[in-house]
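Here is how the chains run, residue by residue.
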Protein chains: 8
Amino acid sequence: MDTEIKRILECVRSGSLSVDDALLRLKGAPFVDIGFAKVDLHRTVRQGAAEVIYGAGKTPAQIRSILETMQKNGCDRILITRLSPDAAAALSSVCRITYHESAALAHTGAFPAPGGIGKIVVAAGGTSDLPVAEEAALTAEFYGNRVTRLYDVGVAGLHRLLTYKDDVMNAAVIVAVAGMEGALPSVVGGLADCPVIAVPTSVGYGASFGGLAALLAMLNSCASGVSVVNIDNGFGAGYLASMINHMEVKP
Amino acid sequence: MDTEIKRILECVRSGSLSVDDALLRLKGAPFVDIGFAKVDLHRTVRQGAAEVIYGAGKTPAQIRSILETMQKNGCDRILITRLSPDAAAALSSVCRITYHESAALAHTGAFPAPGGIGKIVVAAGGTSDLPVAEEAALTAEFYGNRVTRLYDVGVAGLHRLLTYKDDVMNAAVIVAVAGMEGALPSVVGGLADCPVIAVPTSVGYGASFGGLAALLAMLNSCASGVSVVNIDNGFGAGYLASMINHMEVKP
Amino acid sequence: MDTEIKRILECVRSGSLSVDDALLRLKGAPFVDIGFAKVDLHRTVRQGAAEVIYGAGKTPAQIRSILETMQKNGCDRILITRLSPDAAAALSSVCRITYHESAALAHTGAFPAPGGIGKIVVAAGGTSDLPVAEEAALTAEFYGNRVTRLYDVGVAGLHRLLTYKDDVMNAAVIVAVAGMEGALPSVVGGLADCPVIAVPTSVGYGASFGGLAALLAMLNSCASGVSVVNIDNGFGAGYLASMINHMEVKP
Amino acid sequence: MDTEIKRILECVRSGSLSVDDALLRLKGAPFVDIGFAKVDLHRTVRQGAAEVIYGAGKTPAQIRSILETMQKNGCDRILITRLSPDAAAALSSVCRITYHESAALAHTGAFPAPGGIGKIVVAAGGTSDLPVAEEAALTAEFYGNRVTRLYDVGVAGLHRLLTYKDDVMNAAVIVAVAGMEGALPSVVGGLADCPVIAVPTSVGYGASFGGLAALLAMLNSCASGVSVVNIDNGFGAGYLASMINHMEVKP
Amino acid sequence: MDTEIKRILECVRSGSLSVDDALLRLKGAPFVDIGFAKVDLHRTVRQGAAEVIYGAGKTPAQIRSILETMQKNGCDRILITRLSPDAAAALSSVCRITYHESAALAHTGAFPAPGGIGKIVVAAGGTSDLPVAEEAALTAEFYGNRVTRLYDVGVAGLHRLLTYKDDVMNAAVIVAVAGMEGALPSVVGGLADCPVIAVPTSVGYGASFGGLAALLAMLNSCASGVSVVNIDNGFGAGYLASMINHMEVKP
Amino acid sequence: MDTEIKRILECVRSGSLSVDDALLRLKGAPFVDIGFAKVDLHRTVRQGAAEVIYGAGKTPAQIRSILETMQKNGCDRILITRLSPDAAAALSSVCRITYHESAALAHTGAFPAPGGIGKIVVAAGGTSDLPVAEEAALTAEFYGNRVTRLYDVGVAGLHRLLTYKDDVMNAAVIVAVAGMEGALPSVVGGLADCPVIAVPTSVGYGASFGGLAALLAMLNSCASGVSVVNIDNGFGAGYLASMINHMEVKP
Amino acid sequence: MDTEIKRILECVRSGSLSVDDALLRLKGAPFVDIGFAKVDLHRTVRQGAAEVIYGAGKTPAQIRSILETMQKNGCDRILITRLSPDAAAALSSVCRITYHESAALAHTGAFPAPGGIGKIVVAAGGTSDLPVAEEAALTAEFYGNRVTRLYDVGVAGLHRLLTYKDDVMNAAVIVAVAGMEGALPSVVGGLADCPVIAVPTSVGYGASFGGLAALLAMLNSCASGVSVVNIDNGFGAGYLASMINHMEVKP
Amino acid sequence: MDTEIKRILECVRSGSLSVDDALLRLKGAPFVDIGFAKVDLHRTVRQGAAEVIYGAGKTPAQIRSILETMQKNGCDRILITRLSPDAAAALSSVCRITYHESAALAHTGAFPAPGGIGKIVVAAGGTSDLPVAEEAALTAEFYGNRVTRLYDVGVAGLHRLLTYKDDVMNAAVIVAVAGMEGALPSVVGGLADCPVIAVPTSVGYGASFGGLAALLAMLNSCASGVSVVNIDNGFGAGYLASMINHMEVKP
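Residues numbered from 1 in each chain as written. Chains lettered and ligands numbered in written order. Predicted model: local features only at pLDDT ≥ 70, side-chain atom pairs only at ≥ 80, totals over all residues. Heavy atoms only, no water.

Draft legend 1. Seen up close, the relation of the copies chain C and chain B. For the match of chain C to chain B, the screw axis carries a shift of 0.0 Å, the RMSD comes to 0.1 Å, and the turn is 180°. Viewed as a symmetry operation, the transformation between the two copies matches a two-fold axis. It is valine 228 of chain C whose C-alpha, among those of chain C, lies nearest the rotation axis, at 2.5 Å. When the interface residues of chain C are mapped onto chain B, 100% of them again fall at the interface, so both copies present the same face. (Least-squares fit on C-alpha atoms with pLDDT ≥ 70 in both. Contact = heavy atoms within 4.5 Å.)

Draft legend 2. Structural detail: the sheet that holds strand β6 (residues 105-107) of chain A. All names here are of chain A. Spatial ordering of the open sheet is given by β3-β4-β6-β5, a layout of four strands whose pairing is mixed. Unpaired on one side and paired on the other, β3 (51-54) and β5 (98-100) mark the two borders of the sheet. For this sheet, the mean angle separating the axes of adjacent strands, direction not counted, is 15°. Where strand β4 (residues 78-81) and β6 come together, two bridges link them in antiparallel fashion. Counterpart to isoleucine 80 in the pairing with β6 is alanine 106. (Pairing = 2+ DSSP bridges. Helix = DSSP H or I, 4+ residues; strand = E, 2+ residues; numbered from the N terminus. Axes fitted to C-alpha atoms, helices over the stretch in contact; angles between N-to-C directions.)

Draft legend 3. Quick look at the environment of phenylalanine 31 of chain C. With respect to the helices and strands, phenylalanine 31 of chain C occurs in strand β1 (residues 31-33). Each C-alpha atom of the pair phenylalanine 31 of chain C and threonine 69 of chain C lies 9.9 Å from the other, and the pair is 38 residues apart in sequence.

Draft legend 4. The interface of chain C and chain B, seen in detail. The interface is formed by 35 residues belonging to chain C together with 35 residues belonging to chain B. Between chain C and chain B, roughly 3100 Å² of surface is buried when both sides are summed, and carbon and sulfur atoms account for 59% of that area. On inspection of chain C and its partner chain B, the count reaches zero salt bridges. Across the contact surface, chain C and chain B share four residue pairs in polar contact (both at pLDDT 80 or more). Of all the secondary structure elements, the ones that give two or more residues to the side of chain C that touches chain B are α3 (42-47), α8 (165-170), α10 (212-219), β11 (226-228) and α11 (234-245) of chain C. If one sorts the elements of the side of chain C that touches chain B by residue count, α11 of chain C sits on top with five residues. In the side of chain C that touches chain B, the residues fall into 20 nonpolar, seven polar and eight charged. (Buried area = accessible area lost by both parts, 1.4 Å probe. Salt bridge = Lys/Arg side-chain N within 4 Å of Asp/Glu carboxyl O. Polar contact = N/O pair within 3.5 Å; in protein donor to acceptor, adjacent residues only side chain to side chain. Nonpolar A, V, L, I, M, F, W, Y, C, P; charged D, E, K, R; others polar.)

Draft legend 5. Examining the environment of tyrosine 99 of chain B more closely. On the secondary structure map, tyrosine 99 of chain B appears in strand β5 (residues 98-100). Here tyrosine 99 of chain B is in contact with Leu83, Ser84, Pro85, Ala88, Ala104, Leu105 and Ala106 of chain B, once residues within four sequence places are set aside.

Draft legend 6. Just the side chain of glutamate 134 of chain B, in detail. Relative to the assigned elements, glutamate 134 of chain B resides in helix α6 (residues 130-142). For glutamate 134 of chain B, the side chain forms a polar contact with the side chain of tyrosine 151 of chain B, separated by 2.6 Å.

Draft legend 7. Examining the sheet that holds strand β3 (residues 51-54) of chain F more closely. All names here are of chain F. If you walk across this open sheet you meet the four strands as β3-β4-β6-β5, and the pairing is mixed. The sheet is open, and its two edges are formed by β3 and β5 (98-100), each paired on a single side. Across the sheet, the mean angle from the axis of one strand to that of its neighbour is 15°, orientation sign disregarded.

Draft legend 8. Local environment of the domain arrangement of chain A. All names here are of chain A. On domain assignment, one finds that chain A holds domain 1 (25-108) and domain 2 (115-245). With 14 residues of domain 1 at the interface, the matching set in domain 2 holds eleven residues. Taking both partners together, domain 1 and domain 2 bury about 1000 Å²; carbon and sulfur atoms supply 62% of that area. Contact with domain 2 buries area across many residues of domain 1, yet Leu79, Arg82 and Ala103 alone supply 36% of it, more than any other trio. (Domains from an automatic or database assignment.)

Draft legend 9. A look at the pattern of salt bridges. Scanning all chains against the criterion turns up 40 salt bridges over all chains. Overlapping salt bridges, with partners in common, bring together Glu134, Glu141 and Arg149 of chain A in one network.

Draft legend 10. Fine view of the packing of helix α4 (residues 60-72) of chain C against helix α5 (residues 85-92) of chain C. Residues and elements named next belong to chain C. It is the contact of α4 with α5, at a shortest axis distance of 9 Å, that shows an interaxial angle of 50°. It follows that α4 is oblique to α5 by the angle criterion. Considering the relative orientation of α4 and α5, their crossing is right-handed. Where α4 abuts α5, its residues Pro60, Ile63 and Arg64 lie against Ala87, Ala90 and Leu91. For the contact of α4 with α5, the class distribution of residues is five nonpolar, no polar and one charged. (Parallel < 35°, antiparallel > 145°, perpendicular 65-115°, else oblique. Left-handed = near helix turned anticlockwise from the far one by under 90°.)

Draft legend 11. Focus on the packing of aromatic side chains. Applying the stated rule across the entire model yields 40 aromatic pairs over all chains. Residues tyrosine 143 of chain E and tyrosine 239 of chain E carry aromatic rings whose centres are separated by 5.2 Å and whose planes lie at 90° to one another, so their mutual orientation is edge-to-face. Of this pair, tyrosine 143 of chain E sits in the loop between α6 (130-142) and β8 (145-150) while tyrosine 239 of chain E sits in helix α11 (residues 234-245), placing them 96 residues apart in sequence. Like tyrosine 239 of chain E, tyrosine 143 of chain E is buried. Where phenylalanine 111 of chain G meets phenylalanine 142 of chain G, the ring centres are 6.4 Å apart and the plane angle is 80°; that geometry is what we call edge-to-face. Of this pair, phenylalanine 111 of chain G sits in the loop between β6 (105-107) and β7 (115-124) while phenylalanine 142 of chain G is found in helix α6 (residues 130-142), placing the two residues 31 residues apart along the sequence. For phenylalanine 111 of chain G, a relative accessible area of 30% puts it in the partly exposed group. By relative accessible area, phenylalanine 142 of chain G is classed as buried at 0%. (Phe/Tyr/Trp six-rings, centres within 6.5 Å; stacked < 30°, edge-to-face > 60°. Buried < 20%, exposed > 50% of the residue type's maximum accessible area, 1.4 Å probe, protein only.)

Draft legend 12. The arrangement of the pairing of strand β7 (residues 115-124) of chain E in detail. Residue and element names in this part refer to chain E. With seven of its ten residues buried, β7 lies for the most part within the structure. Relative to β8, β7 is paired through six bridges, and the arrangement is parallel. Following the sheet pairing, lysine 119 is matched in β8 by arginine 146. Following the chain from β7 across α6 to the adjacent parallel β8, one finds a crossover that is right-handed. Sheet topology places β7 next to strand β9 (residues 173-178); five bridges connect them, and they run parallel. (Right-handed = clockwise from strand over helix to strand, strands pointing away.)

Draft legend 13. Focus on the side chain of lysine 58 of chain A. Inspection of the secondary structure assignment puts lysine 58 of chain A in the loop between β3 and α4 (60-72). It turns out lysine 58 of chain A is buried and unbridged, and the closest side chain with the opposite charge, aspartate 152 of chain F, is 7.0 Å from it. Polar contacts involving the side chain of lysine 58 of chain A include one to the main-chain carbonyl oxygen of tyrosine 54 of chain A, which spans 2.7 Å. Setting aside its immediate chain neighbours within four residues, lysine 58 of chain A contacts Ile63 and Ile66 of chain A together with Thr127 of chain F. (Lys, Arg positive; Asp, Glu negative; His and termini not counted.)

Written out as structure tokens, the structure is:
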């Protein structure tokens, strides 16, 4: 950003930019105001990267409007999370999206060829955790990562997890998804030597208190290298996993 | 109890017991009122078994007074839990007790020869969980059980626990003690085929909230056969483990 | 497990098993991967015992698929918990199950002849606690136990419970189910000399906070021999009660 | 109050009271402002009754100053609650008080002859609940009630409570004090036909969460006629019990 | 109860009662077991008083069955709380009940002539608190009390409450119902010299957390003579108010 | 109020007002009792100002009844909050209201010409916070304020907020509305030198716990000049903002 | 800030400022980095106003160091909050401060002549709330406001508050400080027509949960014009009250 | 691990390893049992890496014993966290450690030359957060990373953070440490394009509830790429930051 400021200042000195225009530019930010939302184009403008729309709490009309604004501004790879089947149907009648109902997630464009440092393992404790796990896995794939899915490997049946110990030990990043007692990230974190992103889910009943039990367990994990995202936040975990898997030397 | 009532009634019918005396007996209960406490002698009277004094919140003088009342009434095997070193010192100057400082636990008399169905395994997640684990282990020994201690076998270093898989799989009952994320009972419960008594400890900081995280995790355990006692309640776990380990066919 | 490892190693030494096959076997675990689930056959393989499907959060199609996988692998005694009437109807059109609507529980096969050390008493505080109590009672019966049901014996009407004091005092194991103030296990635990498994229920309103009040009360029980399972976890209590009632001397 | 207003207005009409003086009187309230406190003399002025000083969070100097203000204004029966031994010592060097260390409670003057409808029973679950129970019992005695103390009658040893069933069933009002699982008021409330004031105490550890478990249990009591005061609020319970025990027909 | 035991014992001595029959009687309790419930007839048998059915969580068929059992055993004054309009309709097609939809409360028989020490004031903070307030008021009327209703007198508009200060100051007992900040009992308790039963309601949003805010406020009330029942427990408050309003000297 | 009392007293002295009438007047308060509600006319009577009806938990019939009572008593500017579209439709068939569905808010009469000290800025973190933000903005406009809306300026995209730094720095009062992490008021409060009213919203999922996370964050704000209203309380914030924006020197 | 940017840009165009220097200035912010802290001089530089040091969690040496940095940069009116007597003593040995022990608050320089729109009333519920109330009152005085203190006016003794109704009704801003049930702001807010800043205190015991009860009550206040600051945050309330009391028309 | 198993199996086939020895090896794990702890040497054995001792809840004697066991087994780079000054003094009398009191952290050996992908920025909100921030920073340095410290850059004074925007935008990984409202990670996460590890601290008072407010805020962060560790867990954040900064392509 600094270099941009410097460039603007040099334009001012050279006279090629008026003071008022410079002021405008210095304040200009890459978003489009469409009333109910300020559509961010940061990633597109700066990096040619994909944009994300968080679908929950938005009407199909609002989502469509944001989508169209993004597309008009040159963004053709867009991820939409927490999109209900109904909203997806309404949306797909007006624009081309691929919808994954299992994860309530849609996207425009195709998945890129996978890259990055290595494989991302998405491990899930039980069958009921799949929607969250799939949100993480598909997000990671959307951002160009190879993903290995290890589902139904809860710690109460350790042999199932240990069967896939190689996958766990060779992963570049692991997303560990679990509800109930939320112990999976601790066990996985003890086996692996890579960053583990723990995702508590709201799966459970009674004293799970909507995922609170799993959340607290994960925050208290004894295993090193474990960090936690919000309950049911599969997208956040998949996005961060991709970010870590694409780490590059900064000069 | 019914047979006792029946016996009293028959004495009344035969005239060997007056109505008033019978009334008294029917209402008589095996405890001694010493003002600040009603010293229970239930176990002694009915079963010749040991009595327990919960030491927390009682002055050394009160504990001594209860102890002496028990001893006067023929009870010579008494367990005292949550006894501070100072209170233990004050107590040992007036009567013979054996004090285990690591568990803040004292007892009169010797440990009986161990019996029961099999071995009780007391497993603990970390070094800081030892006081609670020892309270459980010593309680079980006081009640006549063989105890195998597996300490510092937290799930974040699974190989340590798996090294002792035989002990776990051959236990009659397991007491699993853990603070932090409280995942040990789930993993142990998945490996074993016996009752697992989970003891959350207040070990931890931050989001452990005084053992709440471990408690919730244990209550949400996916493993079958797991039940939970109060945070730091080593005595309760050891007592219940002994009770289960001494199960006998009731006619 | 060790003996199995030893046997495999001896096969390797004798040459009857190649290194790669041995590796496979050492890692092979008795489960079947059907995509969304890894169907566990542990109990069947090792013990000829019954398997359990936790029905909540699974579609009828998923449950059916797991059921068929189990049956194909020789397991003919299967318990399905938390099965809604609709899912039960869908399931019973394709396979033979017995459905208990009061407990939202189904099973294949018949109940075995009851055995074990003695009787399991399932006591419940109020009429609204019945679904949870029945889940516990039917689970215990499914695993081969004689069950005595004591329903609507809440502590605020003590005479109702005391009428059945004989049942309480002669039980091998007691499952005490209660919502609201959750005091039943404490009173029952004081009367009985056997393990008491406390099940808090979400029955209540206002400050019951979905069963939290009952849960905390049970965890704080002054009675010895009481342990607690998750709110509404009738299955867990029934399973553990059966496990304790079938304790046998381990060599 | 209305009659007083009417009288003042009639004085104004008759000219025996100026408008300004009437205004003053209408606004005049029976308290004395001593800077850090507005000492209330309501009870003294209206009823010749006793006043109360809540000692916690006040310095001995502040307590003394309030006490002296009360005494100067004709109040000679004063109760001081939550008074530490040190503060009591400081206070007794300058004025005559009777101090009950067990309840951290002091008073000036003697206890009046007991009266009221009947006896107040103060029942307490365990030895550690005594300070709170004594605060309730002494408060009731200070306000002129006969008090029966039933201590150490926790529900986990039901026979101890049942021994005193007559006291419970004949009480005019019952104060039931308990920490831990807080079940005493439910059981007592089921036995008795009189108002039961439940006092949760902070006695306990782990999941008692400073008395929260007992508080919630008491609020969820199934027994009719039970109401609850704050954790450790022995004074409040004793005061309310006395108020109920002195109910009189209002015209 | 003791006198009954004594009488039975004397019958045994005189031979007019066999030992077994006496045993039966000693254990006989006034309830009828109808499977899913043990219908209590305590009040009817002992006092000719009215019985109560807590309607929530019971089917119309279950309620009807309990009702009929009570009626068959001579109880003709029955109160049914938490009865939905649908359940009330189903019930009224088979037996005569009076239904108050505003309070979701029904009863058989007529209200008795009001009696007791004085008037019961039921004060409510806002319009939304009316269902709970009416449950308290109708319960009190069902048990034979004169009730004064003061609705919509929340403390944020103090003049409304002060307009009815006479009612407040002349009440025998006050039931103070409030959601939101729950301050009404404190203000009312400061004005009145009689017992105040505080009923928090779940009325509110956001940080009211389902009535928790009001509940905590009421438990912390600075006013003397205030005690609290469960959130939305209008019945409990009305019942207790009636109990206090009918206090009579016990010999 | 005092002057009114003085005037009444002088009328009594002069004989132009009887004692009884004076008593009536002294007790007379500006509200109308319509049974289920005491309709307050305080603002109208004292200030000719607008009245407010809190629509939640009231039936359309009740709202209409209150509205008509207000109108009959000369109040023609009435705000109705938390009014569902259905209730609005029912209401608009019988009287003239303007309904803003986005904020679930209606009013009679037109918005007054805006006045006050300066502009009120209503800033909102995300699109889902709009209903609450609009409730605040429309309330402020109804009370005669100029309002600048800054929506979708959450702190995770700081450039969007900084683009409008001038509006923030020149505001007279700021209402900062945010769910999720609730950080907007802290950042806004650091930029501005005016009072900031923070409104947490229930927007979010998982560990937002219905707005608790945002609420706690706002209460802990390091920025000076920030205060907080209840979760989703847009009206309260708009009302207070208007009150501050219309501050005038009091003599 | 914009005008400053504009001025810098004009200097660049005119050549009186190099591009690099301009860059520096644009990034230069009015704080001084002293290692462990970045001492803010914002208020001094922009407004000649007073600065604040939050004393809690800082050593006397750190506070002194920050103080000296401020003074060196021309700031001679500094407020230090949460300063323990020991830290105050250590500080006063090296520089001139005025220390108010009752509020744990110190300041350099004298209080300015009071100004603003009107009077700030600081009302407190009980004697124990005084430290927080004094923090608010002294802060307001430090910032140039007339303050009226109304202490010990809790709502359970309404006549004490009503005696000062004139002060309440004539206030420009009110700070209402209360622990326990936290009802004072609601009652005060109903009486007054000005902004009320509610300050919950941690005064209380048991179910006050460190001020949580008061906090929740205040957030749920039915009175309009009430907003809330953190528990015990007297400074925040006093600062905001001053800010509101000094509102001026912004062009 | 697999390759090791394979190698062992091949030794068995070739006869160079007996079946029993192989069994032993297969079960052998790289830890040393010293009674109260099982000292893990995993990292040393597998990677020549450094080991960590969590000092809290361990006596100096226990720490020393673990340290010596590690050193005896060839580990010369050891980190000790949560070490009190007293324990550090006791330890340094018997072995060479470097102690950083500001972070309560010690280590043996020197810091290695920094490496990895780029710089790790440790940003902290306030002066009181320094101990936690330093724990993170020193941990990162101990594991071979260049660390940039940005302290006292809380969001309520945004200009301080923005001054260091370059550091933020050029970081490889950011550790964002904050108490109170915990907003720093959201703002930092919006500015940066790298992983942000959020560390809530227990700094604050009142409604910060020991760091809960900051924790919840961070879990709800709208910024992508943010994950959270336990309250005050500086070590965990520093360790994970190092792990991410040393990501390397896995084959």
